[in-house]
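Read off the chains here:
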Amino acid sequence: MQGIGSLFSALKVVRLLRLGRVVRKLDRYLEYGAAMLILLLCFYMLVAHWLACVWYSIGRSDADSGLQYSWLWKLANVTQSPYSYVWSNESDGPELVNGPSRKTMYVTALYFTMTCMTSVGFGNVAAETDNEKIFTICMMIVAALLYATIFGHVTTIIQQMTSATAKYHDMLNNVREFMKLHEVPKALSERVMDYVVSTWAMTKGLDTDKVLNYCPKDMKADICVHLNRKVFNEHPAFRLASDGCLRALAMHFHMSHSAPGDLLYHTGESIDSLCFIVTGSLEVIQDDEVVAILGKGDVFGDSFWKDSAVGQSAANVRALTYCDLHTIKRDRLLEVLDFYQAFANSFARNLTLTYNLRHRLIFRKVADVRRERELMERRKREPQLEQAQDHLVRKIFSRFRRERSVAAAPAPAPARAAPLAPAAGSSDAERGAGAAAAGEGSSDAERGAGAAAAGEGAAGVAGAPGAAGAETASAGVPRGAAARGKWGRLLAGGSLDAGEAPRAAFSRSLSARDRSAPLDAAASAASVASAATPTTAVSTLAPTLTLKS
């Protein structure tokens, strides 16, 4: 009865199946492969424990029945702690006492079950009785199925753990075979291998788009905002964007990785995206000259929001180090800006484009600038050659230029003076005849002839006043100066302009001083000629007055 009670008490170990709940909780924190491996190992040990308990019960039962060749009796003899029978009054038969310790018996039973479950056993502990043999047969059948199931899963789990590494090596082998097949140059093949290795180190072989497609739209937008948080937090252009605007922008951003030496843009290529540098540094090359170095936080591309036309890149953009870029396509950006007008104004005002690839820089080489500076310093050290302002050739050219301008200008019409009133003794008919004579000769030639006749009449009649006017006019310019021509004045060092100024001053002084003399001469001539030919005197006087005016 005690043996049966101990057998039922051993069945309490079934409560150990509650460990499955613990395993399900561990699955949240551990990777799937590791959690499954731990679960299978624990289940395998649990089955081995159950079978060891059953094996001990069978050996104890056979030993109590007096079978001294059972595995438990042999274990007692090997360990030199043999069993002995004791007769008691309470029991009908003898009872086993002494023997090996309980610990030794459990370890030996577990050892036997483990050897039978993993192999055919080693023979040092073997089934001797019929009960032991039957149990061993059943145990080996169950152990075979359990072994195949458990260790088959373990193999799969280990393969899954190393699948990423196997995929990585498979990809490298494919790339190498491709390079050999198409005879790619060595420098280019090394760049390709470097890019593949660095990209794998950054992404661990995971396809971001494939993972995001597993999520719904709202969750996908949240993940994209988190992935682009560095761009949104560092640039002030996104500070005033609403939550919906940021989610729309984040859905269109793409993350890319570039290795040193990779060309992101070529000269003449269409600028179809706006790039934000998260890590690394790049260089901008124009005409084989480095014109700019871009680093973390810089933005390059084109100002799509200002000019809708697609521009061409005027320079090459090459990576200097390993770079992480966040880019957004031109069409997607314009679509978001067109929908969110308030954000579009803030974006255009606050975004600082570090380098516009459309603009072409006009620069000079350092050697040319240095050469120009040296030439400028040399000119400063050389003495200055002073040129006289009154150079003979300069005077001749100025004279010819002035004469040409005077000849091209139209001659002004001479002012016509009102006729003088006739003498007091003349009649009204004579006044009308004098006015008619003064109005005749409207042409320039007739006016010139009338002026000459008036001058001769005034000289012949008045005599002294005309001679005095002529002498006064001749006295205004020295005779020696009149004899010298313009070439004489130029050779003497004088100026042609200086010769005109005294003549003009003389004419003004002559007209101011002798204004009354011609009037007196004309009056006296009119009074003398009024007795003989009054009409002629009036007609001669009128042109003279016109000339003086």
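Residues numbered from 1 in each chain as written. Predicted model: local features only at pLDDT ≥ 70, side-chain atom pairs only at ≥ 80, totals over all residues. Heavy atoms only, no water.

1. Observations concerning the sheet that holds strand E4 (residues 263-265)
Through backbone hydrogen bonds, the strands of a sheet pair up, either in parallel or in antiparallel fashion. Ordered in space as E4-E9-E6-E7, the four strands form an open sheet in which the pairing is antiparallel. A single partner strand is all that each edge strand has here, and the edge strands are E4 and strand E7 (289-294). Neighbour to neighbour, the strand axes of the sheet diverge by 30° on average, direction disregarded. Of the strand pairs in this sheet, strand E6 (residues 282-286) and strand E9 (residues 316-319) are connected by four bridges, and their pairing is antiparallel. Opposite Ile285, over in E9, you have Asn316 as the bridge partner. (Pairing = 2+ DSSP bridges. Helix = DSSP H or I, 4+ residues; strand = E, 2+ residues; numbered from the N terminus. Axes fitted to C-alpha atoms, helices over the stretch in contact; angles between N-to-C directions.)

2. Examining the environment of Gly205
Tracing the sequence through the fold places Gly205 in the loop between helix H8 (186-203) and helix H9 (208-212). Assessed through its relative accessible area of 24%, Gly205 is described here as partly exposed. Dropping the residues within four chain positions of it, Gly205 is found in contact with Lys167 and Trp200. (Buried < 20%, exposed > 50% of the residue type's maximum accessible area, 1.4 Å probe, protein only. Contact = heavy atoms within 4.5 Å.)

3. Observations concerning helix H13 (residues 330-339)
Within the sequence span of H13, burial applies to Arg330, Leu333, Val336 and Leu337. One face of H13 carries all of its buried residues, which in axial projection span an arc of 135°. Among the exposed residues of H13, those oriented more than 90 degrees off its buried face are Asp331, Asp338 and Phe339. Lining the buried residues of H13 we find helix H12 (243-252), strand E5 (273-279), strand E10 (323-329) and helix H14 (341-350). (Arc of directions from axis to C-beta.)

4. A closer look at the pattern of salt bridges
Under the criterion given, the structure shown has eleven salt bridges. In this structure, Glu128 and Lys74 form a salt bridge, with 3.0 Å as the shortest nitrogen-oxygen distance. Here Lys74 lies in helix H4 (residues 71-78) and Glu128 lies in the loop between helix H5 (102-118) and helix H6 (130-161), a separation of 54 residues in the sequence. On the basis of relative accessible area, Glu128 is assigned to the partly exposed category, the value being 29%. Classification of Lys74 as partly exposed rests on a relative accessible area of 39%. As a salt-bridge pair, Arg318 and Glu283 come within 2.5 Å of each other at their nearest N and O atoms. With Arg318 in strand E9 and Glu283 in strand E6, the pair connects residues that are 35 residues apart, well separated along the chain. Overall, the relative accessible area of 32% leaves Arg318 in the partly exposed class. In this structure, a network of salt bridges that share partners links the residues Asp218, Asp222 and Arg247. (Salt bridge = Lys/Arg side-chain N within 4 Å of Asp/Glu carboxyl O.)

5. So, a nonpolar patch on the surface
Together, Ile137, Ile141, Val142 and Leu145 line one region of the surface with nonpolar side chains, adding up to about 410 Å² of accessible area. Relative to the helices and strands, Leu145 is located in helix H6. (Patch = residues over 30% accessible without salt bridge, like charges linked within 9 Å, V, L, I, M, F, W, Y side chains within 5 Å. Areas by Shrake-Rupley, 256 points an atom, 1.4 Å probe, with all protein chains shown as cover.)

6. Brief notes about the sheet that holds E5
One open sheet accounts for five strands, arranged E3-E10-E5-E8-E11; its pairing is mixed. This sheet does not close on itself; its edge strands, each paired only once, are strand E3 (253-258) and strand E11 (355-356). Pairing of E3 with E10 involves six bridges; the strand directions are antiparallel. Considered in E10, the bridge of His254 is made with Thr327. On the sheet, H13 packs against E5 and E10 and is oriented at approximately 60° with respect to E10.

7. Let's talk about the confidence of the model for the chain
Put simply, the chain has an average pLDDT of 73, and 65% of its residues get 70 or more. In the predicted structure, residues 415-549 sits below a pLDDT of 50 and forms 67 contacts with residues beyond four places in sequence or in another chain. (pLDDT = per-residue confidence, 0-100.)

8. Digging into the packing of H13 against H14
Where H13 meets H14, the axes come as close as 5 Å, and the angle between the chain directions of the two elements is 120°. Classed by the angle they form, the pair H13 and H14 counts as oblique. For the pair H13 and H14, contact is made by Leu333, Leu337, Asp338 and Phe339 and by Gln341, Phe343, Ala344 and Phe347, respectively. The residue makeup of the contact of H13 with H14, split by class, is six nonpolar, one polar and one charged. (Parallel < 35°, antiparallel > 145°, perpendicular 65-115°, else oblique. Nonpolar A, V, L, I, M, F, W, Y, C, P; charged D, E, K, R; others polar.)

9. A few points about the packing of aromatic side chains
A full pass over the atoms with the stated rule returns 16 aromatic pairs. With 5.8 Å between their ring centres and 55° between their planes, Phe253 and Phe276 make a pair best called tilted. Within this pair, whereas Phe253 is found in strand E3, its partner Phe276 is found in strand E5, the two being separated by 23 residues in sequence. One exposure class covers both Phe253 and Phe276, and it is buried. Through successive ring pairs, a cluster of aromatic residues spans Phe232, Phe238, Phe253, Phe276, Trp305, Phe343 and Phe347. (Phe/Tyr/Trp six-rings, centres within 6.5 Å; stacked < 30°, edge-to-face > 60°.)

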